[in-house]
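Chains, contacts and geometry: an overview
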Amino acid sequence: ELKVEQNPLFLSMQEGKNYTIYCNYSTTSDRLYWYRQDPGKSLESLFVLLSNGAVKQEGRLMASLDTKARLSTLHITAAVHDLSATYFCAAINTGTASKLTFGTGTRLQVTL
Amino acid sequence: KAGVTQTPRYLIKTRGQQVTLSCSPISGHRSVSWYQQTPGQGLQFLFEYFSETQRNKGNFPGRFSGRQFSNSRSEMNVSTLELGDSALYLCASSYTGTSNYGYTFGSGTRLTVV
């Protein structure tokens, strides 16, 4: 059974600082997704990582995937308050192609 | 183009009642998945429908059921509601269910069972 672990669970960051969220998964996964959720809102798709070594960047966020280590990272560069939200990673495996298994989420709080 | 539409947005039900939630996917998308989000259990997969057939099912009791219509709209039903069913229910839409472009989620239905 595919399991996905995220850490940290909570991250308090100062504006302008850099930090990384880690996402480990337990078995082979075809692809890895990152989502953002604002309080009381739905999930917003950030990145889809399809292969080993994939790296994608959007603004201050950069995601990467290492399938050999079963690890994805979401790097935040020079955090700003607007990035405050909960971030989820989700993996999917070949056997249950349409079933996303989510991590616990990382609640990011960016302070001045 | 229009996004994923979930109705209703909020529901309050009493224990023992049943409830039906609706999800209209993005036009052209044939796969609809349902997820339950609670503070304690996080985001959990309920089931996925593709072309009116259930392809995958999560570990939920039989009280949770769903269906998909020929226009790809999907409904999920929860019978004999329990307090623990209080949650945000999200549906996700994709073209095939195995998406290289991610899954688009609706705004969710927040169900409160009292």
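Here we summarise the structure given alongside this text. Predicted model, so just to flag it, every value in this text is computed and none were measured.

Applying the stated rule across the entire model yields two disulfides over all chains. Covalent S-S linkage joins Cys-23 of chain A and Cys-89 of chain A, the inter-sulfur distance amounting to 2.0 Å. Because the sign of the S-S torsion sets the handedness, a value of about 85 degrees for the bond joining Cys-23 of chain A and Cys-89 of chain A places this disulfide among the right-handed ones. Within this pair, whereas Cys-23 of chain A is found in strand β3 (residues 19-25), its partner Cys-89 of chain A is found in strand β9 (residues 85-92), the two being separated by 66 residues in sequence. Each member of the pair, Cys-23 of chain A together with Cys-89 of chain A, is buried. The disulfide bridge from Cys-23 of chain B ends at Cys-91 of chain B, spanning 1.9 Å between sulfur atoms.

So, on to the nonpolar core. Leu-32, Trp-34, Leu-74, Ile-76, Tyr-87 and Leu-108 of chain A are the most contacted members of the largest nonpolar core, which totals 25 residues. When residues of this core are traced back to their parent elements, those giving at least two are β2 (10-14), β3, β4 (31-37), β5 (43-49), β7 (61-66), β8 (71-76), β9 and β11 (106-111) of chain A. Ranked by residues supplied to this core, first place goes to β9 of chain A with four residues. Residues Val-4, Phe-60, Val-78 and Leu-81 of chain B belong to the second largest nonpolar core, which totals 21 residues.

Residue and element names in this part refer to chain B. The strand order β1-β3-β8-β7 describes an open sheet built from four strands, whose pairing is antiparallel. Where the open sheet ends on each side, the last strands, each with one partner, are β1 (5-7) and β7 (64-68). Taken over all neighbouring pairs, the strand axes of this sheet differ in orientation by 15 degrees on average, direction set aside. Sheet topology note: the β1/strand β3 (residues 19-24) ladder contains three bridges and is antiparallel. Across the sheet, the residue bridging to Thr-5 is Ser-24, located in β3.

Here the focus is the packing of aromatic side chains. In this description, an aromatic ring pair is defined by two values, namely the gap between the centres and the angle between the planes. Residue and element names in this part refer to chain B. Following the criterion strictly, the structure yields eleven aromatic pairs over all chains and no others. When the centroid spacing of 5.8 Å and the interplanar angle of 50 degrees are considered together, the rings of Tyr-35 and Phe-105 count as tilted. Placement of the pair is Tyr-35 in strand β4 (residues 31-38) and Phe-105 in strand β10 (residues 104-105), with a sequence separation of 70 residues. Phe-105 sits in the buried class, given a relative accessible area of 8%. Between Phe-47 and Tyr-49, the aromatic rings sit 5.7 Å apart at their centres with planes inclined by 70 degrees, giving edge-to-face as the arrangement.

Here we come to the interface of chain A and chain B. Accessible area lost during the coming together of the parts is what is often quoted as the interface size. Residue-level contacts link 18 residues of chain A with 20 residues of chain B. Taking both sides of the interface into account, the surface hidden between chain A and chain B amounts to around 1,600 Å²; carbon and sulfur atoms contribute 53%. At the boundary of chain A and chain B, one finds zero salt bridges. Linking chain A to chain B there are four residue pairs in polar contact (both at pLDDT 80 or more). Put simply, the parts of the chain that give the side of chain A that touches chain B at least two residues each are β4, β5 and β9 of chain A. Ranked by residues supplied to the side of chain A that touches chain B, first place goes to β4 of chain A with four residues. In the side of chain A that touches chain B, the residues fall into ten nonpolar, five polar and three charged.

Calculation notes
- Residues numbered from 1 in each chain as written.
- Chains lettered and ligands numbered in written order.
- Predicted model: local features only at pLDDT ≥ 70, side-chain atom pairs only at ≥ 80, totals over all residues.
- Heavy atoms only, no water.
- Disulfide = S-S within 2.5 Å.
- Helix = DSSP H or I, 4+ residues; strand = E, 2+ residues; numbered from the N terminus.
- Buried < 20%, exposed > 50% of the residue type's maximum accessible area, 1.4 Å probe, protein only.
- Core = buried A, V, L, I, M, F, W, Y, C linked by side-chain atoms within 4.5 Å.
- Pairing = 2+ DSSP bridges.
- Axes fitted to C-alpha atoms, helices over the stretch in contact; angles between N-to-C directions.
- Phe/Tyr/Trp six-rings, centres within 6.5 Å; stacked < 30°, edge-to-face > 60°.
- Contact = heavy atoms within 4.5 Å.
- Buried area = accessible area lost by both parts, 1.4 Å probe.
- Salt bridge = Lys/Arg side-chain N within 4 Å of Asp/Glu carboxyl O.
- Polar contact = N/O pair within 3.5 Å; in protein donor to acceptor, adjacent residues only side chain to side chain.
- Nonpolar A, V, L, I, M, F, W, Y, C, P; charged D, E, K, R; others polar.

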